[in-house]
Amino acid sequence: MSNLRDALGLRIAYGQPGSQFQTEFEPANGTLWGYFAPPGRPCFGLGLLKDIRAHDIALAMNGGKVQIENELHEVRYYVCGSRIPGVFSLGGDLGLFMMLIKSQSREELAHYARMCIDNMYARIQNYYAPNMVTISMLQGDALGGGLECALSSDVVIAEESVQMGLPEILFNLFPGMGAYSLLARRIGMRKAEEMILSGRMLSAKAMHEAGLVDVLAKDGEGEATVQDWIARNAKRQNGTQAIFRARQIVQPITRQELDAVAELWVEAAFRLQERDLRMMARLVRSQERLGDSDHSEHVVEPVREAIAV
């Protein structure tokens, strides 16, 4: 392994075979690349959540290191992306939500919310590793929980054609897995509420202007832009990482806060009316069409079609 550390660009795949979260490690710069790869609908199903958590628990228990060929290697940068062309993530599993709401399975829905928060909070805390910087790489659209996930990183890099939004208000709910906390920390509470209540889709450029995307990349150059950011910041990685930790000290996001909002989300979900569930069903159908397609169109187009009633 030591002979490979200077091989710039070399990545070593590792992890459990068949995992919905595919991981690679780049020894030359200590970069972990993690990619969502769920079958079917490109959302956070139970299987994907479990696979992410299993990987990240091991990372945290090893002190921010990954085990490759029986050796532990420090992760300096943890990049989160997606294997699905045109999609970062559509967020929560709306089909599961509908089933649990209709069957009055409150504890099961609360369990799903806790699984989401387990993953979100670990990333917000940088997996308790003192020298790690987290990066979200958006090469496709991010909706709902997908946008929440993206904002949980220290740095958000998005390709120019990417569109993002929080459509939950369209079916009379709200994004309950960290959106309010993460948005408020970056742009303030008033603007956070305006964005959540609008349900609008925004371009990567608009999100960059709002301060929610840190770096814009040309289409097709997301990974190259991440690599360039890492190379340019290599000599000041210690100071950069310390600034991001200072952000947590000055404006902390606590586990208690995230849990409380998630509990509020569960309560709100069980107050949805039949018309709200019909709207959710339309969005589920749009997700299913995307799961069966080559993702050549933007995620936002079938979403807009679904809500045009």
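Being a predicted model, the structure only gives us computed values, none of them experimental.

Definitions and limits used
Residues numbered from 1 in each chain as written. Predicted model: local features only at pLDDT ≥ 70, side-chain atom pairs only at ≥ 80, totals over all residues. Heavy atoms only, no water. Helix = DSSP H or I, 4+ residues; strand = E, 2+ residues; numbered from the N terminus. Rg over C-alpha atoms; globule rule 2.2 N^0.38 Å. Buried < 20%, exposed > 50% of the residue type's maximum accessible area, 1.4 Å probe, protein only. Areas by Shrake-Rupley, 256 points an atom, 1.4 Å probe, with all protein chains shown as cover. Lys, Arg positive; Asp, Glu negative; His and termini not counted. Charge placed at Lys NZ, Arg CZ, Asp CG, Glu CD. Axes fitted to C-alpha atoms, helices over the stretch in contact; angles between N-to-C directions. Parallel < 35°, antiparallel > 145°, perpendicular 65-115°, else oblique. Left-handed = near helix turned anticlockwise from the far one by under 90°. Contact = heavy atoms within 4.5 Å. Core = buried A, V, L, I, M, F, W, Y, C linked by side-chain atoms within 4.5 Å.

**Describing the overall build of the protein chain**
Argument step 1. Counting secondary structure elements, the protein chain contains twelve helices and 13 strands.
Argument step 2. Computed over C-alpha atoms, the radius of gyration of the protein chain comes to 19 Å, within 12% of the 19 Å expected from 2.2 N^0.38 for 309 residues, which places it in the range of a compact globule.
Argument step 3. Every one of the 309 residues in the protein chain was classed for burial, and the buried ones make up 55%.
Argument step 4. On the protein chain, roughly 13,700 Å² of surface is accessible, and the fraction owed to carbon and sulfur atoms is 51%.
Argument step 5. In the protein chain, 32 side chains carry a positive charge and 38 a negative one; their mean positions are 4 Å apart.

**Thoughts on unusual backbone geometry**
Argument step 1. Residues other than glycine seldom take positive phi values, yet Tyr127 does so here, at roughly 60°.
Argument step 2. Mapped onto the secondary structure, Tyr127 falls in the loop between α3 (106-124) and β8 (133-138).
Argument step 3. By relative accessible area, which is 2% here, Tyr127 ends up buried.
Argument step 4. Phi angles above zero are rare outside glycine, and Asn172 is one such case at about 70°.
Argument step 5. Position of Asn172 relative to the elements: it lies in the loop between β11 (163-165) and α5 (179-187).
Argument step 6. Here Asn172 falls in the partly exposed class, since its relative accessible area comes to 45%.

**Overview of the packing of α3 against helix α10 (residues 255-269)**
Argument step 1. The geometry of α3 relative to α10 is characterised by a closest axis approach of 10 Å and an angle of 150° between their N-to-C directions. Here α3 is positioned roughly antiparallel relative to α10, judged by the angle of their axes. The chirality of how α3 crosses α10 is right-handed. For the pair α3 and α10, the contacting residues are Arg106, Leu109, Ala110, Ala113, Arg114, Ile117, Asp118, Tyr121 and Ile124 in the first and Arg255, Leu258, Asp259, Ala262, Trp265, Val266, Glu267 and Ala269 in the second.

**Details of the side chain of Gln241**
Argument step 1. In this structure, Gln241 sits in helix α9 (residues 237-250).
Argument step 2. When its relative accessible area of 4% is taken as the criterion, Gln241 is described as buried.
Argument step 3. Residues in contact with Gln241, not counting those within four places in the same chain, are Ala129, Pro130, Asn131, Met132 and Val133.

**A few points about the nonpolar core**
Argument step 1. The biggest cluster of nonpolar side chains holds 80 residues, and the ones touching the most others in it are Phe36, Leu109, Leu138, Met164, Leu183 and Trp265.
Argument step 2. Once you skip the residues sitting within four places of it in the chain, Met164 turns out to touch Leu138, Ala142, Leu143, Leu147, Ala158, Arg200, Met201, Leu202, Ala204, Met207 and Val213.
Argument step 3. Among the nonpolar cores identified, the runner-up in size contains 15 residues, and Tyr35, Tyr77, Val155 and Trp229 belong to it.

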